[in-house]
Amino acid sequence: MSHFYNFSLGSEDDRRAMLGHSPTNPSDVYEVFARYVENKVPHIPWCETPLQPESYLIQTQLAALNRAGFLTINSQPPVNGAPSTHSTFGWGGAGGYVQKAYCECFVSPENANKLVAMVTDNPSMKESRTTSRGRRGRHYGTDLGCVS
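Because the structure is predicted, anything quoted here is derived from the model rather than measured.

### Details of the nonpolar core
Now for step 1: Among the nonpolar cores identified, the biggest contains 11 residues, and these are Val32, Ala34, Tyr36, Val37, Val41, Ile44, Leu51, Ile58, Leu62, Ala63 and Cys103.
Now for step 2: Contributing elements (two or more residues each) for this core: helix H2 (26–37) and helix H3 (59–67).
Now for step 3: Those residues in contact with Leu62, other than ones at most four positions away along the chain, are Val37, Ser55, Thr72, Ser75 and Cys103.
Now for step 4: If you look at the next biggest cluster of nonpolar residues, it comprises five residues, including Phe70, Cys105, Ala112 and Leu115.

### Here we look at the environment of Val29
Now for step 1: Among the secondary structure elements, Val29 is positioned in helix H2.
Now for step 2: Its relative accessible area of 34% is what places Val29 among the partly exposed residues.
Now for step 3: The spacing of Val29 and Leu71 is 42 residues in sequence and 8.9 Å in space, taken between C-alpha atoms.

### Description of the side chain of Asn66
Now for step 1: Take Asn66: it is sitting in helix H3.
Now for step 2: Relative accessible area serves as the criterion here: at 0%, Asn66 is assigned to the buried category.
Now for step 3: Non-local contacts of Asn66, meaning those with residues more than four positions away in its chain, are made with Tyr30, Phe33, Ala34, Val37, Leu71 and Thr72.

### Focus: the confidence of the model for the chain
Now for step 1: The pLDDT averaged across the chain works out to 76; a share of 76% of its residues lies at or above 70.
Now for step 2: Averaged pLDDT values over the elements of the chain bottom out at 44 in strand S4 (residues 144–147) and peak at 95 in H3.
Now for step 3: Below a pLDDT of 50 lies the segment residues 1–6, which in the model reaches five contacts outside its immediate sequence neighbourhood of four places, other chains included.
Now for step 4: pLDDT under 50 marks residues 138–148. Its contacts with residues more than four places away, or in other chains, come to 52 contacts.

### Some words on H3
Think of an α-helix as turning once every 3.6 residues; residues three or four places apart then point the same way.
Now for step 1: Among the residues of H3, Gln59, Leu62, Ala63 and Asn66 are the ones counted as buried. Viewed along the axis of H3, the buried residues span an arc of 100 degrees, placing them on a single side of the element.
Now for step 2: Of the surrounding secondary structure, the elements contacted by the buried residues of H3 are H2, strand S1 (71–76) and strand S2 (102–106).
Now for step 3: Directly beyond the C-terminal end of H3, a positive phi value near 95 degrees is found at Gly69.

### Looking at the pattern of salt bridges
When the charged atoms of two side chains with opposite charge come close together, those side chains can pair.
Now for step 1: Inspection of the entire model under this criterion finds three salt bridges.
Now for step 2: Between Glu31 and Arg67 there is a salt bridge, with its nearest N and O atoms 2.8 Å apart. Residue Glu31 is located in helix H2, and its partner Arg67 is located in helix H3; the two are separated by 36 residues in the primary sequence.
Now for step 3: Classification of Glu31 by relative accessible area gives partly exposed; the value is 30%.
Now for step 4: On the accessibility criterion, Arg67 (36% relative accessible area) is partly exposed.
Now for step 5: The closest approach of N and O atoms between Glu38 and Lys40, which form a salt bridge, is 3.5 Å.
Now for step 6: Using a relative accessible area of 24% as the deciding quantity, one classes Glu38 as partly exposed.
Now for step 7: One continuous salt-bridge network, built from bridges that share partners, spans Glu31, Glu38, Lys40 and Arg67.

Rules and cut-offs
Residues numbered from 1 in each chain as written. Predicted model: local features only at pLDDT ≥ 70, side-chain atom pairs only at ≥ 80, totals over all residues. Heavy atoms only, no water. Core = buried A, V, L, I, M, F, W, Y, C linked by side-chain atoms within 4.5 Å. Buried < 20%, exposed > 50% of the residue type's maximum accessible area, 1.4 Å probe, protein only. Helix = DSSP H or I, 4+ residues; strand = E, 2+ residues; numbered from the N terminus. Contact = heavy atoms within 4.5 Å. pLDDT = per-residue confidence, 0-100. Arc of directions from axis to C-beta. Salt bridge = Lys/Arg side-chain N within 4 Å of Asp/Glu carboxyl O.

Below, the structure is given as structure tokens:
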């Protein structure tokens, strides 16, 4: 952590208890992401706020995705056509509508291939991805995937 970030979950021992003492394998990291979306960890270093109420509809699915190695960082539940002023699902100015469901996630190249296969087999889904080197395209190893 840099000195520019003020991250507090209590004492260092409290933080380690919530986030893990020292991850030894990828599943340890996956579990931190899952516990965050289950509201068992109030916030994580890269997100200062708890899970938003709109995501409660897909909370179980998000936790399962995280435990499977699809590390979710942004999502929207399937509420197509909800007005932008809706108390739970709305955002932006009045007169607009919430878009389709989506999920953004960090993935390994192996999980990226699974994601591409799933999207390819489902014509109603779209994907956009980029690698850690900024390369975009259908056949690159993926670090960030967005499915809608």
